[in-house]
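One-letter residues, chain by chain:
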Amino acid sequence: MTVAPKARRPGRRALVIGAVGTTGALALGAYVWRERRKDLIESRTRSHVSLRRIARAEFDVKEVVWSPDTRRLAALLKANNGIVAILDTSTWTEVSRFEVGTYIWKPRMGFLSDSELVTIPHGNHSGLWSWEVRNIETGRITKQIPRPPRFDLGRIERVVVSSDKKYIVAIKGYHAGVTVGRELAPEASLLFEAESGNFIGTLVLLGRRTLGVAAGPGSQLAAAASNGVTGAREEIYLLSAGTNRVDRVLAGHIGGVESLAWSPDGRMLASGSPGLMSGGSGRWLVDRYPIRIWDVDTGGIVASFQGMFGGVYDLAWHPSSSILGTNSGRGDDSGGLAYRLWSLPAGQMIFDYFPSNGFLSSTYPGALSFQPKTGHLLWKDDGSLEVFEVLGLG
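Residues numbered from 1 in each chain as written. Predicted model: local features only at pLDDT ≥ 70, side-chain atom pairs only at ≥ 80, totals over all residues. Heavy atoms only, no water.

Asker: Where do I start with the overall build of the protein chain in this structure?
Answerer: Counting secondary structure elements, the protein chain contains one helix and 33 strands. When the 394 residues of the protein chain are sorted by exposure, 50% land in the buried category. A sequence separation of at least 24 residues applies to 44% of the contacts in the protein chain between residues at least 6 apart. In the structure as shown, the protein chain presents an accessible area of about 18300 Å², 51% of it carried by carbon and sulfur atoms. (Helix = DSSP H or I, 4+ residues; strand = E, 2+ residues; numbered from the N terminus. Buried < 20%, exposed > 50% of the residue type's maximum accessible area, 1.4 Å probe, protein only. Contact = heavy atoms within 4.5 Å. Areas by Shrake-Rupley, 256 points an atom, 1.4 Å probe, with all protein chains shown as cover.)

Asker: Teacher, can you tell me more about the sheet that holds strand E33 (residues 384–391) here?
Answerer: Hydrogen bonds between backbone groups are what pair the strands of a sheet, and the pairing can be parallel or antiparallel. Reading across the sheet, the five strands line up as E3-E4-E33-E32-E31 and stay open at both edges, with antiparallel pairing between neighbours. Whereas interior strands pair on both sides, the edge strands pair on one side only; in this sheet they are strand E3 (40–42) and strand E31 (368–370). The average angle at which neighbouring strand axes cross in this sheet is 35°, direction not considered. Judged from the seven bridges that link them, strand E4 (residues 50–57) and E33 form a sheet pairing that is antiparallel. When the sheet's bridge partners are listed, Arg53 is paired in E33 with Phe388. (Pairing = 2+ DSSP bridges. Axes fitted to C-alpha atoms, helices over the stretch in contact; angles between N-to-C directions.)

Asker: Explain the confidence of the model for the protein chain to me, please; I cannot follow it from the model alone.
Answerer: When pLDDT drops low, the exact placement of atoms in the prediction is not to be read closely. Across the protein chain, pLDDT averages 78, with 73% of residues at or above 70. Per-residue pLDDT, averaged within each element of the protein chain, yields its smallest value for strand E2 (residues 26–28) (30) and its largest for strand E10 (residues 116–119) (96). Within the model, pLDDT remains below 50 along residues 1–37, and this stretch shows 32 contacts once partners closer than five positions in the same chain are excluded. Contacts of residues 175–185 to residues separated by more than four positions or lying in other chains number 18 contacts, the stretch itself having pLDDT below 50. (pLDDT = per-residue confidence, 0-100.)

Asker: What's the story with the nonpolar core in this structure? I'm lost.
Answerer: Side chains that are nonpolar tend, in soluble globular proteins, to be buried together. Counting 17 residues, the largest nonpolar core has Phe59, Val61, Val64, Leu73, Trp92, Leu378 and Leu385 as its most contacted members. When residues of this core are traced back to their parent elements, those giving at least two are E4, strand E5 (61–66), strand E6 (72–77), strand E7 (83–88) and E33. Leaving out residues up to four positions away in the same chain, Val64 has contacts with Leu73, Ala74, Ala75, Ala367, Ser369, Leu378 and Leu385. (Core = buried A, V, L, I, M, F, W, Y, C linked by side-chain atoms within 4.5 Å.)

Asker: Just checking my understanding: could you explain the sheet that holds strand E9 (residues 109–111) for this structure?
Answerer: Strand order across the open sheet formed by four strands is E9-E10-E11-E12, with antiparallel pairing between neighbours. The open sheet is flanked by E9 and strand E12 (141–146), the only strands paired with a single partner. Taken over all neighbouring pairs, the strand axes of this sheet differ in orientation by 20° on average, direction set aside. Note that E9 and E10 share three bridges and pair antiparallel. Each residue of the ladder has a partner; that of Gly110, found in E10, is Val118.

Asker: What is the right way to look at the environment of Phe199 in this model?
Answerer: Here Phe199 lies in strand E16 (residues 199–202). Put simply, Phe199 and Pro148 are 51 residues apart on the chain and 7.1 Å apart in space, counted from C-alpha to C-alpha. For Phe199, the contacting residues outside a window of four places in its chain are Pro148, Phe151, Leu190, Leu191 and Phe192.

In structure tokens form, the structure reads like this:
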């Protein structure tokens, strides 16, 4: 056996090379430096904040939702359209999986209790159901709620469970088909009582098209809505599911609202724009402040982040309500994604990381979330879920 010459040592980046076999091929070792560095990730920009990886699960996902007790994580898988995997968050192993309905917009599921998950109905093109509830351990459907009359055409695109678990919103898309003696099936945000499944009515949003809904404290909701005019500013409506009454209207974003997230203390709302949007007639629109933080009591802006971030796909709050995580474009010509952390109220970027295989052209760019109790950060990178302890915040 021929022994390979001693490899040079360019710092900690050395490639470990094994022996030359009888076939003359090199038996290569591992990139030891790279593997070690993966467990400790530092920001691309100068910062005192870094991440230490504590867990990794081989799941490539579109969306994740924590159970109220945080012992389970529901993950909508990317490779298998409409498959939800339930993970035990103490071991990061799969407990169960089942098939549900899916669509490109988020959110597509939400926990009703520690053991019950509300999802878009599987095969929801049929127009039979508004939403369904599944037991997360068995995947068995425990409740299916029928569509109300006049809303049986068009697919259910999103479902939202209020934080007090009393109300469910099912957002239905527009259907252009016409049946004999009936009008077009409109878009609508359908409001239900969670326990009984009774249909309350549609969300009162001044007749505007609902683009997204996020659950706030209690029965409060934030809904982004459009008047249907291309390139117009899309506003954000704050309302209560209990009264179905708009309490406040926020200015929103030029060109649209891509994402919404309430702070854990319920005092702030984060919103993100979709980036460069067509304004019609060959015009292109871009919001100079694609990420905004709103005071929900006054409607004023707490902080706004200026820059070209592309679409802002995910917003995630640290339990302290003083750190916001974003999943957005990198702000360059690469077409890639960036995970960033921002401190509030200063609005300073304290962490910046480019995932290895995230691209803006992807329909499902990634998943970003904080563990609601510990503050551990979860994201998707290189086809896996990774969980980190955030260092340097204190």
